[in-house]
Amino acid sequence: QVQLVESGGGLVQAGGSLRLSCAASGTIFSINAMGWYRQVPGKQRELVASIISGGRTNYADSVKGRFTISRDNAKNTVYLQMNSLKPEDTAVYYCNADLSTLVERWYRNYWGQGTQVTVSS
């Protein structure tokens, strides 16, 4: 059984910062890509940032220069440092990972339960 557990969401004023964490646990064999998505009611879930095992990163244009994704491979954890937050960053943020387990040695996609980020103006 694999779990992705997010933490670090909350309420912050515009211009402030938050750091999200997502720890993957279970019988993990290998993790390829990890990333963060966000979703607001009535809209599709969108990619915020992703990072592959080699460290290459990808960001949505709307967060470039403000958000930084990183990962600790030893801890199977991905982070999202969010600076200069704007009200339009308000959303539920979901962790995502492509990983294989000791039982299933092929990559599958997993999602966390989501954490709310609210930015007040």
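Right above here is the structure, for reference.
Here the structure is a predicted model, which is why all the values come from computation and not from measurement.

## Things to note about the nonpolar core
So, step 1. In this structure, W36, L80, M82 and Y93 are the most contacted members of the largest nonpolar core, which totals 31 residues.
So, step 2. It is strand 9 (residues 91-101) that contributes the most residues to this core, 5 residues altogether.
So, step 3. With sequence-adjacent residues up to four places away left out, M82 is seen in contact with G16, S17, L18, L20, R66, F67, Y93 and V117.

## Concerning the pattern of salt bridges
Pairing is possible between side chains of opposite charge, provided their charged atoms come close.
So, step 1. Tallied over the entire structure, the rule returns 5 salt bridges.
So, step 2. The salt bridge partner of E46 is R38, with a shortest N-O separation of 2.7 Å.
So, step 3. Residue classification places R38 among the buried positions, given a relative accessible area of 7%.
So, step 4. In this structure, D89 engages R66 in a salt bridge whose closest nitrogen and oxygen atoms are separated by 2.7 Å. Placement of D89 in the loop between strand 8 (77-82) and strand 9 and of R66 in the loop between strand 6 (57-59) and strand 7 (67-72) is noted, with a sequence separation of 23 residues between them.
So, step 5. Each of R38, E46, R66 and D89 takes part in a single network of salt bridges with overlapping partners.

## Some points on the pairing of strand 7
So, step 1. Taking every second residue as pointing to the same face, the buried face of strand 7 carries F67, I69 and R71, while none of T68, S70 and D72 on the other face is buried.
So, step 2. Here strand 7 pairs with strand 8 via 6 bridges, running antiparallel. Paired with T68 across the two strands is Q81, which belongs to strand 8.

## Section: the packing of aromatic side chains
So, step 1. In total, this model carries 2 aromatic pairs according to the counting rule given.
So, step 2. With a centroid separation of 5.0 Å and 70° between ring planes, the pair formed by Y37 and W111 is classed as edge-to-face. One end of the pair, Y37, is in strand 4 (residues 28-39); the other, W111, is in strand 10 (residues 108-111), with 74 residues separating them in the sequence.
So, step 3. The class for W111 is partly exposed, based on a relative accessible area of 38%.
So, step 4. The interplanar angle of 85° and the centroid separation of 6.5 Å between the aromatic rings of Y94 and W111 together place this pair among those described as edge-to-face. On the criterion of sequence distance, the pair formed by Y94 in strand 9 and W111 in strand 10 is long-range, its members being 17 residues apart.
So, step 5. Members of the aromatic cluster, connected to one another through ring pairs, are Y37, Y94 and W111.
So, step 6. The ring centre of Y79 lies 4.1 Å from the NZ or CZ of R19, which sits over that ring.
So, step 7. The ring centre of W111 lies 4.6 Å from the NZ or CZ of R45, which sits over that ring.

About the criteria used
Residues numbered from 1 in each chain as written. Predicted model: local features only at pLDDT ≥ 70, side-chain atom pairs only at ≥ 80, totals over all residues. Heavy atoms only, no water. Core = buried A, V, L, I, M, F, W, Y, C linked by side-chain atoms within 4.5 Å. Buried < 20%, exposed > 50% of the residue type's maximum accessible area, 1.4 Å probe, protein only. Helix = DSSP H or I, 4+ residues; strand = E, 2+ residues; numbered from the N terminus. Contact = heavy atoms within 4.5 Å. Salt bridge = Lys/Arg side-chain N within 4 Å of Asp/Glu carboxyl O. Pairing = 2+ DSSP bridges. Phe/Tyr/Trp six-rings, centres within 6.5 Å; stacked < 30°, edge-to-face > 60°. Lys NZ or Arg CZ within 6 Å of the ring centre and 35° of its normal.

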